[in-house]
Amino acid sequence: VEVSQVIENTGTNGNIEEHVYGKKDSKVVLVEYADYQCSGCASMNKRIKVLSEEYKDQIAVVFRNFTLDGHPNALSAAAAVESASLQGKFWEMNALVFENQVDWANSNVSERNELYMSYARELDLDEDKFKEGMKSSNVRKKIEFDKATARKAGLTQTPFFLLNGEVIDNGTWGDDDKFRELINKELKKHDIDPPKSTTDKK
């Protein structure tokens, strides 16, 4: 498996499509590994959304799970988002779960599950299918598969970013201007014009 590229869905990853925003067949692929209970990932999610919008015609942005053992509700949150993805609402649920992190992060099992259900209702999902999806072996396989690719990529922390296979240091992804500069540089290597708005931001 080439972790820096968009991975085809197979039995190994539960036959669940990679979550790609933007230009799926781009020569420039930004991969993010995140844990839904990590506060740094939640604040980064808003910024990645802005970048993804700016670059949606030039790059592919891939989201993968890396649930941390020290976060008791991270796995259930990932299962909720993956379950929503089975009904075509991955990015919407991803945003809701990150935005409401403080509500479910320290909840008990029944409280957190009720919160996930409330997000599912907000997105007009089929509630029975959503519950089934959260418990399904395919969803579990997808989460475990993502984690296995993260280890292969040398993940050290969350959030963790790769741009065409190169690890991005937090000094770069922590600064939007530096992040844009790095993406623009990679685009130019592949003869792709960066969006004008990103080169104006100085």
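Please refer to the structure placed before this passage.
Residues numbered from 1 in each chain as written. Predicted model: local features only at pLDDT ≥ 70, side-chain atom pairs only at ≥ 80, totals over all residues. Heavy atoms only, no water.

S.K.: Explain the pairing of strand β2 (residues 29-34) here, please?
M.R.: Both faces of the sheet carry side chains from a regular strand, because those side chains alternate between them. Buried residues dominate β2, accounting for six of its six residues. Of the two faces of β2, the one carrying Val-29, Val-31 and Tyr-33 and the one carrying Leu-30, Glu-32 and Ala-34 are both buried. In this view, the connection linking β2 to its parallel neighbour strand β3 (residues 60-65) by way of helix α1 (residues 39-54) has right-handed handedness. (Buried < 20%, exposed > 50% of the residue type's maximum accessible area, 1.4 Å probe, protein only. Helix = DSSP H or I, 4+ residues; strand = E, 2+ residues; numbered from the N terminus. Right-handed = clockwise from strand over helix to strand, strands pointing away.)

S.K.: So what exactly am I meant to see when it comes to the pattern of salt bridges here?
M.R.: Side chains bearing opposite charge may pair, as long as their charged atoms lie close to each other. All told, the structure shown has twelve salt bridges when counted by the stated rule. Close ionic contact of Arg-180 with Glu-54 constitutes a salt bridge, the shortest N to O distance being 2.8 Å. Here Arg-180, found in helix α9 (residues 176-189), pairs with Glu-54, found in helix α1; they are 126 residues apart in sequence, far enough to count as distant. As far as the burial class goes, Arg-180 and Glu-54 line up, both buried. (Salt bridge = Lys/Arg side-chain N within 4 Å of Asp/Glu carboxyl O.)

S.K.: What exactly am I supposed to notice about unusual backbone geometry here?
M.R.: Peptide bonds are, in most cases, trans, and in most cases residues other than glycine have a negative phi. Cis rather than trans, the peptide bond between Thr-158 and Pro-159 has omega equal to -10 degrees. Tracing the chain through its elements places Pro-159 in the loop between α7 (137-153) and β4 (160-163). A positive phi angle is found at Asn-15, which is not glycine, with a value near 55 degrees. Position of Asn-15 among the secondary structure elements: in the segment before β1 (19-22). In this model, Asn-164 sits at a positive phi of 50 degrees, which is unusual for a non-glycine residue. Counting through the fold element by element, Asn-164 comes out in the loop between β4 and β5 (166-167). For Asn-164, a relative accessible area of 18% translates into the label buried.

S.K.: Explain helix α5 (residues 109-122) to me, please; I cannot follow it from the model alone.
M.R.: Quick reminder: α-helices carry 3.6 residues per turn. Residues three or four places apart thus point the same way. Along its 14 residues, α5 runs 20 Å from first to last C-alpha, staying within 8% of the 20 Å computed at 1.5 Å per residue. Taken together, the buried positions of α5 are Arg-112, Tyr-116, Met-117, Tyr-119 and Ala-120. Around the axis of α5, the buried residues are gathered within 160 degrees of arc, so they sit on the same side. In α5, those exposed residues whose orientation departs by more than 90 degrees from the buried face are Ser-110 and Glu-122. Along its buried surface, α5 packs onto α2 (74-85), α3 (90-99), α4 (101-104) and α6 (127-135). The positive-phi residue at the C-terminal boundary of α5 is Asp-124, with phi of around 60 degrees. (Expected span 1.5 Å × (residues − 1). Arc of directions from axis to C-beta. Contact = heavy atoms within 4.5 Å.)

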